[in-house]
Amino acid sequence: DKAPLSKSLLLVPSAISILLTLLFQHYQKFFVYNLEAVKEDFQIWRLVCGRAICLDLKDTFCSSLLIYNFRIFERRYGSRKFSSFLLGAWMLSALFDLLLVEITQYIFGITINSLPSGFLGPVFALFVPFYSSIPRVQVTQVLGHFSITNKSLIYILGLQLLTSGSYIWILALSGLISGICYNSSILKVHQILCVPRWVAKIFSWTLEPVFSSAEPTNEVRVGMGATVDIQRQQRMELLDRQIMMSQVAQMRRQRQQQGGMINWNRLFPPLRHRHNANYQDHRPSEQGIPPPTEVSEEQVARLMEMGFSRGDALEALRASNNDLNVATNFLLQH
């Protein structure tokens, strides 16, 4: 939704790449990114065809996944600004490709006649705004030291694409340099290499209705984070809270049906009057109440670290039979 250009870049080049690989292999020669033919035979058209369609299905798959995840920039900036970034990165990366090939040949003596084909330069260029403008949201930790964030999978896909070919590092480096140059406020490249408004209007009238999608209506709107990843994280947190509270409510009903194994009325009043100076005067009589449950000092310490008083922590743990999760939820609610 709201990303027609990303959708077109995801569907059209992938479909052409699959057709060239499976049915029209004799036409693949027109999409080879042959730098020797560009420099010696002046086949400038190869800078367009060779840098648009991937001839390796693995590169097609990885770049499509990256474009799908980078659609957030089209939603954030709009299709015109997003297409301007892709156009600028595509043109700059073509120049940097030729420069890096010449530098490699001059320094290391390696002659590179062709590079991997595909829309790879702008894809790598999108890592620059992704790194600088998308916030990190920690998801989990591995071995207690390595953080897994919402951006880890994207970097792994980029690394997989980077290792798919022998000279693809040149495309990656040129893409990153072009992304930095385009985002630079000093060079002012974004004011020169941009899509004119009249061109954007023509494409919005002709192609946008074909690739536009209806806004999903079956999802509950929760929060409005700055990015899609933050909104997804908010939705996950809301679902976790709903599941936890439903489990607590179910546990309360089950224990009440079992004959009052836990006297919840003994728990609620102290929590409601947590800040009352006459707290002791409101405690019910202990006659007829079974002996209190032994409470783990470690769990009491963990609740006190959350900001609860020792008395409230003891009451909550005793009433919940030393269930730390149940005690925490009721301390937060009351």
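This structure is a prediction, so every number in the text was calculated from the model and none was measured.

Per the secondary structure count, the chain includes 18 helices and four strands. For the chain, with 334 residues in total, the buried portion stands at 38%. Contacts spanning at least 24 positions in sequence make up 70% of the contacts within the chain whose residues lie at least 6 apart. About 20100 Å² of surface is accessible on the chain, with carbon and sulfur atoms providing 60% of the total.

What follows is about the packing of helix α1 (residues 4-22) against helix α6 (residues 79-108). Interaxial distance between α1 and α6 falls to 9 Å at its minimum, and their mutual angle equals 45°. On the basis of the axis angle, α1 is oblique to α6. Every residue of α6 that contacts α1 at P4, L5, S6 and L9 is listed here: S79, F82, S83 and L86. Of the residues that constitute the contact of α1 with α6, the class distribution is five nonpolar, three polar and no charged.

The next point concerns the side chain of T60. Along the chain, T60 falls in helix α4 (residues 57-69). Take T60: its relative accessible area is 8%, and that puts it in the buried class. What T60 contacts, discounting residues up to four positions off in sequence, is S14, S17 and C54.

Moving on, we come to the environment of I110. In this fold, I110 is placed in the loop between α6 and β2 (114-115). Once residues lying within four places of it in the same chain are set aside, the contact partners of I110 are T104, Q105 and Y167.

The first and last C-alpha atoms of α1 sit 27 Å apart over 19 residues, in line with the 27 Å expected at 1.5 Å per residue. Taken as a whole, α1 has its buried residues at P4, S6, S8, L9, P13, S14, S17, L20 and T21. Its buried side turned inward, α1 meets α4, α5 (71-77), α6 and α13 (208-211).

For the structure on display, the rule yields three salt bridges. The partner of R51 in a salt bridge is D97, with the nearest N and O atoms 3.6 Å apart. Placement of R51 in the loop between α3 (46-49) and α4 and of D97 in helix α6 is noted, with a sequence separation of 46 residues between them. Taking relative accessible area as the criterion, D97 reaches 0% and is therefore assigned buried. Its salt-bridge partner being E297, residue R310 comes within 3.1 Å of it at the nearest N-O pair. One end of the pair, R310, is in helix α17 (residues 310-319); the other, E297, is in helix α16 (residues 297-305), with 13 residues separating them in the sequence. Among the residues examined, R310 registers a relative accessible area of 38% and is labelled partly exposed.

In this section: the UniProt feature "transmembrane region" (unreviewed entry) in the chain. Mapped onto this numbering, the UniProt entry annotates "transmembrane region" (unreviewed entry) at residues 6-24, 85-108, 114-132 and 153-177. Summarising residues 6-24: 89% helix, 0% strand, and an end-to-end C-alpha distance of 25 Å. Secondary structure content for residues 114-132 is 63% helix and 11% strand, and the end C-alpha separation is 32 Å.

We now examine α6. The end-to-end C-alpha distance of α6, which contains 30 residues, comes to 41 Å, matching closely the 44 Å that a straight helix rising 1.5 Å per residue would cover. The positive-phi residue at the C-terminal boundary of α6 is G109, with phi of around 70°.

Before going further, it helps to examine the environment of W90. Here W90 lies in helix α6. Residues W90 and L120, spaced 30 residues apart in sequence, show a C-alpha to C-alpha distance of 8.7 Å. Sequence-distant contacts of W90, that is, excluding residues within four places in its chain, are made with L47, V48, R51, F119 and P122.

Our next topic: empty space enclosed by the protein. Scanning all chains against the criterion turns up four cavities of 30 Å³ or more. Its volume calculated, the largest cavity comes out at about 110 Å³. Around the largest cavity, the lining comprises 13 residues; the ones closest to its centre are P13, A52, C54, S63 and F119. Among the elements of the structure, α1 and α4 are those that each provide at least two residues to the lining of the largest cavity. Looking at the lining of the largest cavity residue by residue, the class counts come to eight nonpolar, five polar and no charged.

Rules used throughout
- Residues numbered from 1 in each chain as written.
- Predicted model: local features only at pLDDT ≥ 70, side-chain atom pairs only at ≥ 80, totals over all residues.
- Heavy atoms only, no water.
- Helix = DSSP H or I, 4+ residues; strand = E, 2+ residues; numbered from the N terminus.
- Buried < 20%, exposed > 50% of the residue type's maximum accessible area, 1.4 Å probe, protein only.
- Contact = heavy atoms within 4.5 Å.
- Areas by Shrake-Rupley, 256 points an atom, 1.4 Å probe, with all protein chains shown as cover.
- Axes fitted to C-alpha atoms, helices over the stretch in contact; angles between N-to-C directions.
- Parallel < 35°, antiparallel > 145°, perpendicular 65-115°, else oblique.
- Nonpolar A, V, L, I, M, F, W, Y, C, P; charged D, E, K, R; others polar.
- Expected span 1.5 Å × (residues − 1).
- Salt bridge = Lys/Arg side-chain N within 4 Å of Asp/Glu carboxyl O.
- UniProt positions renumbered as here; feature names shortened; annotations may be inferred.
- 1 Å grid on protein atoms, 1.4 Å probe; cavity = no way out; pocket = protein on both sides within 12 Å on 5 of 7 lines; lining within 4 Å.
- Points joined across faces, edges and corners; volume = space filled by probe spheres on them.

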